[in-house]
Amino acid sequence: MGGEESPLVAARGPETGSGPGPEGSGPDDLPDGLMVAGRDARVVVFNAAAARITGIPAGSALGRDFRDVLPLHDAEGRDWWKCLAPYDGLSTRTRHPERVLFLPGGTEVLVTAAYRRDADRRVERFTVCLRDALHRARQERDRADLVSTVAHELRSPLTSVKGFTATLLAKWHRFNDDQKRVMLETVNADADRVTRLITELLDVSRIEAGRLEMRRQVVDLPEEVRKVIAGRVAAGEPEDRFRFETRGELPEMWLDPDKMDQILGNLVENAVRHGAGTVTIVVEPDAHKEGAAVSVRDEGEGIPPEAAQRVFRQFWRGPGGSRRGGTGLGLYIVKGLVEAHGGVITVRRAPGGGAEFRFTVPAGAPNYAG
Ligand SMILES: Nc1ncnc2c1ncn2[C@@H]1O[C@H](COP(=O)(O)OP(=O)(O)O)[C@@H](O)[C@H]1O
Ligand SMILES: [Mg+2]
């Protein structure tokens, strides 16, 4: 390594093969590329992701002037460092927002930069963060997929609403009351479906933006489960379809009751709709007795092990899922709500076949954020 300045963080690039130290994470664990230059503009940190993104081994970057290591230019071919003049530009600058720049080979990267200055406002450290633009492109594609899925999901019920109302308006006298009733019931159900889809999409967007507001209070979890079951029974499900068990003593649970209802309601609804047989719900303290574990299992076909991860994704529906009128958002939302409580959710095959969803949530505290 040709540098006079000894690197603060040694070149733990992929070629050195050394993983993170015993204390845990180092710059090589960062998913984004990180380059740090010192007072003299020489590179002192060049992490594994930076090496991967730029194709420059850390060993050959350390100790050199960062402008030589990373000759970035903008879409018009201008040398970015000349435009920026990081070390002699305005001394009030603290950071540069993300922008798209290019490496010599034409590789697109997303770049942000930040300064640390000493008491005289001279640059002490200049940090550059590099992100793979491909990753961004993929995110944008996922977003576009989501938009087209949503559009499709909204269009099918609306097509049916439009079709039935148009038919009724044009040929009102040709139908008898029973036929009209059937059509109106379909319109009604489709309108409900659109409303539900939009409500769920709003939940999804809150989860994705990390804007779920937690209103924690002491919640009697077994009581919440009883309420959810009572709701299903009131809606016409036979009472003996449900079995409810509580085991052991729960700690005082500080949870968001509305979100808990949503979690339990979704899992029980899935067990009833997608599963079969008796739906068994068990509430117990978790293994460390610092929270609660809830499992909901049924005696249906279950979830094939290869789909166990996919069920929690947006719009994932198993065979027959769309026929049953679902949106495929339920479990994605459930997972988001469980995680907002600091919990985890998993699915496995129940001992007697069928699906078993199990989540744990820590007991929480009045202002517990996680
Ligand atoms: N208890 C269950 N048994 C079998 N399959 C299930 C169960 N719960 C969920 N699934 C499958 O997972 C898919 C996604 O569930 P979910 O996200 O709640 O969407 P939705 O219920 O709207 O279809 C369902 O379409 C179904 O195929
Ligand atoms: Mg569902």
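In the block above lies the structure referred to throughout.
Report follows, based on the coordinates. None of the values given here were measured: they were computed from a predicted structure.

**As for the environment of Val100**
Here comes step 1: Examined against the element boundaries, Val100 turns out to sit in strand β3 (residues 95–102).
Here comes step 2: Through-space distance from the C-alpha of Val100 to that of Arg131 is 9.4 Å; in sequence the pair is 31 residues apart.
Here comes step 3: Once residues lying within four places of it in the same chain are set aside, the contact partners of Val100 are Glu108, Val109 and Leu110.

**Examining the packing of helix α6 (residues 177–208) against helix α9 (residues 330–340)**
Here comes step 1: At a minimum axis separation of 10 Å, α6 and α9 run at an interaxial angle of 40°. When the axes of α6 and α9 are compared, the pair comes out oblique. The handedness of the crossing between α6 and α9 is left-handed. Residues Glu200, Asp203, Val204, Ile207 and Glu208 of α6 form the contact with α9, whose own contacting residues are Tyr332, Ile333, Gly336 and Leu337.
Here comes step 2: Here the contact of α6 with α9 is composed, by residue class, of five nonpolar, one polar and three charged.

**Here's the deal with the packing of helix α7 (residues 221–234) against helix α8 (residues 257–273)**
Here comes step 1: It is at 10 Å that the axes of α7 and α8 come closest, and there the two elements cross at 50°. What the angle tells us is that α7 and α8 run oblique. Classified by chirality, the crossing of α8 by α7 is right-handed. Mapping the contact onto sequence places Leu221, Glu224, Val225, Lys227, Val228 and Arg232 in α7 and Pro257, Met260, Asp261, Leu264, Gly265, Val268, Glu269 and Val272 in α8.
Here comes step 2: Each residue belonging to the contact of α7 with α8 can be placed in one class, and the counts come to eight nonpolar, one polar and five charged.

**A word on the pattern of salt bridges**
Here comes step 1: If you walk through the whole model with that rule in mind, you get 29 salt bridges.
Here comes step 2: As a salt-bridge pair, Arg215 and Glu213 come within 3.3 Å of each other at their nearest N and O atoms. Taken as a pair, Arg215 and Glu213 share a single burial class, namely exposed.
Here comes step 3: Here Glu356 makes a salt bridge to Arg348, at a shortest N to O gap of 3.3 Å.
Here comes step 4: With relative accessibility at 5%, the residue Glu356 sits in the buried group.

**Digging into the site of ligand 1**
Here comes step 1: In the region of ligand 1, 21 residues are neighbours, and Asn270, His274, Gly318, Thr327 and Leu331 sit closest.
Here comes step 2: A distance of 3.1 Å separates an oxygen atom of ligand 1 from a polar atom in the side chain of Arg273.
Here comes step 3: His274 places a side-chain nitrogen or oxygen 2.8 Å from an oxygen atom of ligand 1.
Here comes step 4: For ligand 1, whose unbound accessible area comes to 530 Å², protein coverage reaches 96%.
Here comes step 5: If you tally residues by element for the shell around ligand 1, the top one is α8, at three residues.
Here comes step 6: Taken together, the residues of the shell around ligand 1 break down into eight nonpolar, ten polar and three charged.

Criteria and thresholds
Residues numbered from 1 in each chain as written. Chains lettered and ligands numbered in written order. Predicted model: local features only at pLDDT ≥ 70, side-chain atom pairs only at ≥ 80, totals over all residues. Heavy atoms only, no water. Helix = DSSP H or I, 4+ residues; strand = E, 2+ residues; numbered from the N terminus. Contact = heavy atoms within 4.5 Å. Axes fitted to C-alpha atoms, helices over the stretch in contact; angles between N-to-C directions. Parallel < 35°, antiparallel > 145°, perpendicular 65-115°, else oblique. Left-handed = near helix turned anticlockwise from the far one by under 90°. Nonpolar A, V, L, I, M, F, W, Y, C, P; charged D, E, K, R; others polar. Salt bridge = Lys/Arg side-chain N within 4 Å of Asp/Glu carboxyl O. Buried < 20%, exposed > 50% of the residue type's maximum accessible area, 1.4 Å probe, protein only. Near = heavy atom within 4 Å. Polar contact = N/O pair within 3.5 Å; in protein donor to acceptor, adjacent residues only side chain to side chain. Areas by Shrake-Rupley, 256 points an atom, 1.4 Å probe, with all protein chains shown as cover.

Keep in mind these numbers describe shape, not what the thing actually does.
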